[in-house]
Every structure is written in structure tokens, then in C-alpha cells.
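Spelled out, the chains give:
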Amino acid sequence: MDIKSLEDRFNEKIDKDIRIEPKDWMPENYRKTLIRQISQHAHSEIVGMLPEANWISRAPSLRRKAAALAKVQDEAGHGLYLYSACETLGVERDDLLKDLHSGKAKYSSIFNYPTLTWADMGAIGWLVDGAAIMNQVPLCRASYGPYARAMVRVCKEESFHQRQGFEIMLTLCKGSEEQKKMAQDALNRWWWPSLMMFGPTDEASTHTEQSMRWGIKRFTNDELRQKFVDATKPQADLLGISIPDEDLKWNEERGHYDFGEINWEEFFNVIKGNGPCNKQRIDARKNAYDNGAWVRDAAAAYAEKKSKVKQEAA
Amino acid sequence: MKNWPLWEIFIRSKAGLNHKHVGSLHAADEEMAIQNARDVYTRRNEGVSIWVVKSEFIVASDPDDSDPLYEPAKDKVYRHPTFYELPDEVKHM
Amino acid sequence: MKNQNLFHYTLQHADNCLILGQRLGEWCGHGPILEQDIAMTNISLDLIGQARMWYQYAAEIQGEGKTEDDLAYLRDAWDYRNVLLVEQPNGDFAKTIFRQFLFDSYSCYFYEALMNSSDEHLAAIAAKSHKEALYHIKWSADWVVRLGDGTEESHERMTAAVAELWPYSGELTKANKTEAEASKDGIGIDLQALKERRDAKIREVLTEAALTIPESTYAHEGGKDGRHTEHLGYILADLQFLQRAYPGLEW
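Nothing here was measured: the structure is a model prediction, and the numbers come from that model. (Residues numbered from 1 in each chain as written. Chains lettered and ligands numbered in written order. Predicted model: local features only at pLDDT ≥ 70, side-chain atom pairs only at ≥ 80, totals over all residues. Heavy atoms only, no water.)

Within chain C, the secondary structure is distributed over eleven helices and zero strands. For chain C, whose C-alpha radius of gyration is 18 Å, the value lies close to the compact-globule estimate of 18 Å for 251 residues. Its C-alpha atoms put chain C at 55 × 40 × 30 Å along the principal axes. Across the 251 residues that make up chain C, the buried fraction comes to 61%. Considering only residue pairs separated by 6 or more positions, chain C has 81% of its internal contacts joining residues 24 or more positions apart. Element-wise, carbon and sulfur atoms account for 50% of the exposed surface of chain C, whose accessible area totals about 9,800 Å². The centroid of the 24 positive side-chain charges in chain C is displaced by 3 Å from the centroid of its 40 negative side-chain charges. (Helix = DSSP H or I, 4+ residues; strand = E, 2+ residues; numbered from the N terminus. Rg over C-alpha atoms; globule rule 2.2 N^0.38 Å. Buried < 20%, exposed > 50% of the residue type's maximum accessible area, 1.4 Å probe, protein only. Contact = heavy atoms within 4.5 Å. Areas by Shrake-Rupley, 256 points an atom, 1.4 Å probe, with all protein chains shown as cover. Lys, Arg positive; Asp, Glu negative; His and termini not counted. Charge placed at Lys NZ, Arg CZ, Asp CG, Glu CD.)

Each helix and strand counted, chain A has eleven helices and two strands in total. For chain A, the α and β elements follow one another from N to C terminus as α-α-α-α-α-α-α-α-α-β-β-α-α. Over its C-alpha trace chain A gives a radius of gyration of 21 Å, about what one expects of a compact globule, namely 20 Å for 314 residues. Counting only C-alpha atoms, chain A reaches 70 × 50 × 35 Å along its principal axes. When burial is assessed residue by residue, chain A has 58% of its 314 residues classed as buried. Long-range contacts, defined here as pairs at least 24 residues apart, represent 78% of the contacts in chain A between residues at least 6 apart. For chain A, the accessible surface area stands at approximately 13,700 Å², while carbon and sulfur atoms represent 52% of it.

Sheet strands pair by backbone hydrogen bonding; their relative direction is either parallel or antiparallel. Residue and element names in this part refer to chain B. Taken together, three strands build an open sheet; the order of strands is 2-1-3 and the sheet is antiparallel. Lying at the two open borders of the sheet, with one neighbouring strand each, are strand 2 (19–26) and strand 3 (49–54). If you compare each strand with its neighbour and ignore which way they point, the axes differ by 25° on average. By the bridge criterion, six bridges tie strand 1 (residues 6–12) to strand 3 in an arrangement that is antiparallel. Each residue of the ladder has a partner; that of Trp 7, found in strand 3, is Lys 54. (Pairing = 2+ DSSP bridges. Axes fitted to C-alpha atoms, helices over the stretch in contact; angles between N-to-C directions.)

All names here are of chain B. Compared with an ideal rise of 1.5 Å per residue, which puts twelve residues at 16 Å, helix 1 (residues 30–41) spans 16 Å between its outermost C-alpha atoms and is within 8% of the ideal. Among the residues of helix 1, those classed as buried are Met 32, Ala 33, Gln 35, Asn 36, Ala 37, Asp 39, Val 40 and Tyr 41. Between a side-chain oxygen at the N-terminus of helix 1 and the backbone nitrogen of Glu 31 the separation is 3.3 Å; the capping residue is Asp 29. (Expected span 1.5 Å × (residues − 1). Polar contact = N/O pair within 3.5 Å; in protein donor to acceptor, adjacent residues only side chain to side chain.)

On to the pairing of strand 2 of chain B. Residues and elements named next belong to chain B. Bridge count for strand 1 against strand 2 is seven bridges, and the pairing is antiparallel. What sits directly across from Ile 11, in strand 2, is Lys 20. Here strand 1 folds back onto strand 2, and the loop between the two strands holds six residues, one of which, Gly 16, carries a positive phi near 100°.

Here we come to the interface of chain B and chain A. The interface of chain B with chain A comprises 22 residues on the first partner and 24 residues on the second. For the pair chain B and chain A, the summed buried area comes to about 1,900 Å², and 49% of that belongs to carbon and sulfur atoms. Counting every contact that joins chain B to chain A gives six salt bridges. Two residues, Glu157(A) and Arg43(B), come together in a salt bridge whose shortest N-O distance is 3.2 Å. Inspection of the region where chain B meets chain A yields eleven residue pairs in polar contact (both at pLDDT 80 or more). Among the elements of the structure, strand 2 and helix 1 of chain B are those that each provide at least two residues to the side of chain B that touches chain A. Counted by class, the side of chain B that touches chain A contains eleven nonpolar, four polar and seven charged residues. (Buried area = accessible area lost by both parts, 1.4 Å probe. Salt bridge = Lys/Arg side-chain N within 4 Å of Asp/Glu carboxyl O. Nonpolar A, V, L, I, M, F, W, Y, C, P; charged D, E, K, R; others polar.)

A few words on the pattern of salt bridges. Considering all chains together, one arrives at 47 salt bridges over all chains under this definition. The closest approach of N and O atoms between Asp39(B) and Arg38(B), which form a salt bridge, is 2.7 Å. What makes Asp39(B) buried here is its relative accessible area of 0%. Between Asp92(C) and Arg157(C) there is a salt bridge, with the nearest N and O atoms lying 2.9 Å from each other. Here the residue Asp92(C) occupies a position in the loop between helix 4 (84–87) and helix 5 (93–114), and Arg157(C) occupies one in helix 7 (residues 152–165), the gap between them amounting to 65 residues. A relative accessible area of 23% places Asp92(C) in the partly exposed class. Residue Arg157(C) is classed as partly exposed on the basis of its relative accessible area, which comes to 28%. When salt bridges with common partners are traced through the structure, they connect Glu52(A), Lys71(A), Glu75(A) and Asp129(A) into a single cluster.

To continue, consider the environment of Asn135(A). On the secondary structure map, Asn135(A) appears in helix 5 (residues 119–136). Counting along the chain gives 178 residues from Asn135(A) to Ala313(A), while the straight-line C-alpha distance between them is 53 Å.

Here the focus is helix 7 of chain C. The first and last C-alpha atoms of helix 7 of chain C sit 20 Å apart over 14 residues, in line with the 20 Å expected at 1.5 Å per residue. Within helix 7 of chain C, the full set of buried residues consists of Ser154(C), Met158(C), Ala161(C), Val162(C) and Leu165(C). Here the buried residues of helix 7 of chain C occupy an arc of 100° about the axis, which is enough to place them on one side. For helix 7 of chain C, exposure combined with an orientation more than 90 degrees from the buried face picks out Glu152(C), Glu156(C) and Ala163(C). Structurally, helix 7 of chain C contributes buried residues whose contacts are with helix 11 (278–313) of chain A together with helix 4, helix 5 and helix 6 (120–148) of chain C. (Arc of directions from axis to C-beta.)

This brings us to a nonpolar patch on the surface. Taken together, the side chains of Val77(B), Tyr78(B), Phe83(B) and Tyr84(B) present a nonpolar region at the surface, about 420 Å² in accessible area. Mapped onto the secondary structure, Val77(B) falls in the segment after helix 2 (66–70). (Patch = residues over 30% accessible without salt bridge, like charges linked within 9 Å, V, L, I, M, F, W, Y side chains within 5 Å.)

A few words now on the interface of chain C and chain A. At the interface, 47 residues of chain C touch 46 residues of chain A. When the shortest N-O distance is used, the salt bridge between Glu35(C) and Arg93(A) registers 2.6 Å. Scanning the region where chain C abuts chain A turns up 16 residue pairs in polar contact (both at pLDDT 80 or more). Listed by contribution, the elements that provide at least two residues to the side of chain C that touches chain A are helix 1 (4–25), helix 2 (34–62), helix 3 (68–73), helix 5, helix 6, helix 7, helix 10 (231–239) and helix 11 (241–245) of chain C. Per-element accounting of the side of chain C that touches chain A gives the leading share, eleven residues, to helix 2 of chain C. Here the side of chain C that touches chain A is composed, by residue class, of 22 nonpolar, twelve polar and 13 charged.

Time to look at the environment of Leu147(C). Structurally, the position occupied by Leu147(C) is in helix 6. Residue Leu147(C) is classed as buried on the basis of its relative accessible area of 0%. As a C-alpha pair, Leu147(C) and Ala209(C) span 62 residues in sequence and 7.4 Å in three-dimensional space. When neighbours within four sequence positions are excluded, Leu147(C) is seen to be in contact with Trp294(A), Val295(A), Ala298(A), Phe93(C), Ala94(C), Ile97(C), Ser154(C), His155(C) and Met158(C).

Printed below as a string of C-alpha cells:
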């Protein structure tokens, strides 16, 4: 079949919402865009383990410690599902990791912010996972089958994350003056970076149109951001803490909250590597990988030895 | 050094059901593949039995052959019970 | 307290589980490969789950209305009764694996025997934990073999781990007064019988791993009676930070 009819058939499937599967023909650009998007997401999951892992050893009760461990472990699982989805497109996880370590590949910039108090564990679950869920739920219908299926698993597991975060916030907000202060301080620091998680405005976003056409993005950045603000404001009210935005007001006419201008200079700075923790996060990932090399080698060598013995015996 | 191979993971979620493909992972050997599958894919009580198969051993049909493979079955309606008409009096058959 | 010895016996095991779970938790996000990161966290979670059962029972025995968290977060090092092995730092993956193996080769037989405890509560904790311990020993023993018999580098690292941790192995199977009394009362288990099974297991696995079993039988001890290495203080400083800095609050 010539390229034109292959393309037509591909587009027809996309239009009819029929999933594309690994062995199906796909435009090279679709494949590349998917690899970029899925691996970026996978990287975000595993870099995202780090700020929260900071607090596992200091969790204030055994119940919280268990929840924190299970949650951070889930992020590892999510990274794994997504790397696996990527591997169906003909790339190896190791090569993707190399791109992460060299700085070539990006990950969600929110994880370059530090976790300074216990309340940050609450704020991350509530806001960061909340924002992530907004982003991810529509991707359960992404046009690429393995990606969509990975996202279904991720979303199913993710729902406990936001709840446990909100529960931490709620407990703090019902607690002592110091605890309330802690919660407010965490909201102050995480609010704007959370809004930035949805990416640049629609006007400034370069990939949106093509990705929407391909069904690997279902809503625009601004649409999702608005949804997040609308959902989160009443939750903040319930907690009795205030969102650090003077312009945040209900707009009767639009049926949405208006909110203030995002500091895009900060956003692009953090992406460029100038966030408070960029270096430390990548160093931690690199160290884990480099220090693990001898372990991976040993297991591979041992497996090879064993299979030789088995073959000789047969 | 070579990377650990990729394995496809199939899980039986309850006694009596089929094993179903759930995803993949890396492991150095069979033993580890089962253990990793247990740790990765049954953390929430999702399974009672695990199959692992090295991904390279999966043979898949070619999507280009899908017309000759699957179209011919589509018009064989007589294979389905609804093809046959019964009087209303016969309630269950 | 009506049953001081049972209380101490229970705390000893609670503390073992918590401190080892805490140590393993330090790996989370830093493992050699994602799949093993997840595996180690699973074991850490099992151990913390076990610790909670033990502490809850200990609090009940104590009868002062305390909670699991009071016991975990508000005792100082001298009241902690874990063995010295579990507080040893993670080191490299070989050291973590060998520490785990030394503990698992104890705990799987310990829980098996404890299922026959005359104390129903202990027997129930044992029945639940035994299944977990069986998985742990499989995991850690497999890794001892892979690393011992893997590459030259992994063999060297395992050898170093064995040498470093060997003196912390014996404390697990040497009964202190608490354990001797518990065994006599039919509440605890017979550590001598356990020692024989465990020694055989260690021999079997190290041999398969092409590792030499050290001859020395010297064992550092004291942890079970509250005399610890310097490491425990730092672990507790981390673990207890919030409860100490903001006393008496809900989290």
C-alpha cells in the first residue's frame, strides 16, 4: 500500500475513534510525538517520587508512613507502566532514561520545587495529583492503545493519592495554629506551580493543535486549568485556607472562576533548569541509575550463566 | 552490558477466569519476572495466578492481514443464535 | 504492668520490624531499577504493617491507653529493643540485601514457630506475618545468589557485605532474658531450634551463591536490651521529628 492510502486509513481510524495498536502503520511524527509525550510523563512519575520520598522517614504516624510509602511506590509503578507503553513504540527504557539524565528529555517542572514541611505532602496529593488527574483522565481515551490502557491503570490508582493528600490537609486545618499555618504556607507555595502544570497558554502552546487532531490530547491546556481552578477553590474554602490570588473571583457570566496572571517567566526559568531543585532531582536519578548498574549487570550475568547450564543439560 | 529483557504479564484475577494481559516489565530471569509481576501488577489484590512470557516470544498477527483474517467471519450470521427464529411461546432456548 | 515480660517481648519484635522497614523505605525512589524499587517498598510496607500489629498489641498489654504511635514515636533509643542488625545503614545494594537476608532467614522460622504460641494474639500476628516473611526470604535469598554468583564486582561487593554484617547475625538467635522467659512460658519460641534451621538455610544459600561462610562466631549484642549502635539515634531523630517538635497533635 502506498503512503497516501496508509495515511488515509490511519486518519480514518482516528476519526472513528478506533485505537491505534503497536503493529499498525502510523505516521512517523505521530510515533515521535507519542514517545516524547509518554516518556515525559513517565519521567515525571519517577522524578516525582523524590520530593515526597523525602518525607517517608519523617511521616508523623505509622498510618501516614504506610500511606506515603504506598503512594510513592505507586508513582514508580506508573512510571513503569508508561515506560512499557513507550517500549511498544520501539524504544528501550534505558535510552529514554539516558535522555532524562542528560537533560534532553523534560519532566513536569513542579517536581523541581522543594518539600519543606509535612504539609507539602498534603498539598502535593491534593493539588499536584489533583491537577495530574485532570490531565490524565481524558488520556484514558488517547488514540494509542497501550498509552490509553496504561492511563486507565494509572487513573484507577491515582484516586487514592488525592484523597490521602486532602485528608492530610484537612487534619492540619483542624489542628493547632501551627498546623494551620503549615497548611496555608504549603498552599501558598504549591498553588501557582500547580497551575503551571497544565503547560503554557493555548496561544503559546506549539503542539496542541496537532495533538488534538491525533487524539493524544483531548482538552487544551487552558480548558484543563480552568477546570482545576473551578474544582479546587471550593475545596480550599472547605479547608478554611485561602488561595494566594487576589484576582480569584467567581464570574457569574462565564460560570467559572476568573484567576490572576501566571508568572510565565518563572515557569520557563524552571523548565530551563533554574528551579530550586532541578540539579538535585536529576543527580538523584542519575545516582540511582549509575549505582544500580552493577546490580543489573550481575543479575543479567547470572541469568545468562543459568540458561547456559540449562541448555547444556537439555 | 545487555538490558534485562522485557516480559509480557498475564494475570488471572479470580479463580475460574482467563489470564488476561495486563502489561509488561523488565526482569533478568523467569523467577524474577514472576516476582516483579507480583510486586508491580498485584499490589491491590488483582491476581491469583501469574503467567510471564518473554516479549520476544509473542507472535502476533499482522494488521495488514486483518481483512483476510477477520472479514470472512463477519457474514456467517448462521453461527449466532439470533439467526434462528422461534415462536414467542418458546421463552428460553 | 501485669505482664512486663510479654510487653518487652512484643516491643522487641515491633522495633525490629519498624526499624528495618524504616531503613528499607530509604531506598524508595533510589533503587537500582524501577521493578526492584517497587519490590523493596513492598517489603518495607509489610514490615511496617507487622510493626503496627506488634505495637498495637504492646499498647494493649501495657494498659495505659497508649497508641501504636506513642510507642513508636515517644521512646528514646535506650527503650528501643531491636537487634543491632536492623539499624545498620543501607550501604550499597549488596549490604541491604545481605542485611535483609540475615533478618528474613530468622523471621520466616520465627513466625512459623510463633504460630504455636500459647498467646492467641501472638499466634495470630505470626500467622499473618509468616506468609509475608516467606516471600521476603525468597526475594532476598534469590538476590544473595544472583549477586554472589553474578559478576566479579557483585561477588566482591557481596563478600564485603557478608564480612561487614556477619558479626550482627548472631544476636538474632541468642536469647536474652526476655526471650528465655517467654520461651519457658510457652508464649515465645525456642531460639536454639530456630538457630539450627536458620544456620542451615544460611549455609545453603551462601554455598549456592559461591560465598564463603565466615568462621567467626563473634556476635555484637545489646540491642534487645536497649544498648544500641550510634545509628539508632539518627534514625529516631528522623522518625520522631514531627511528634517531638509539635507534641500531642493529630496528624
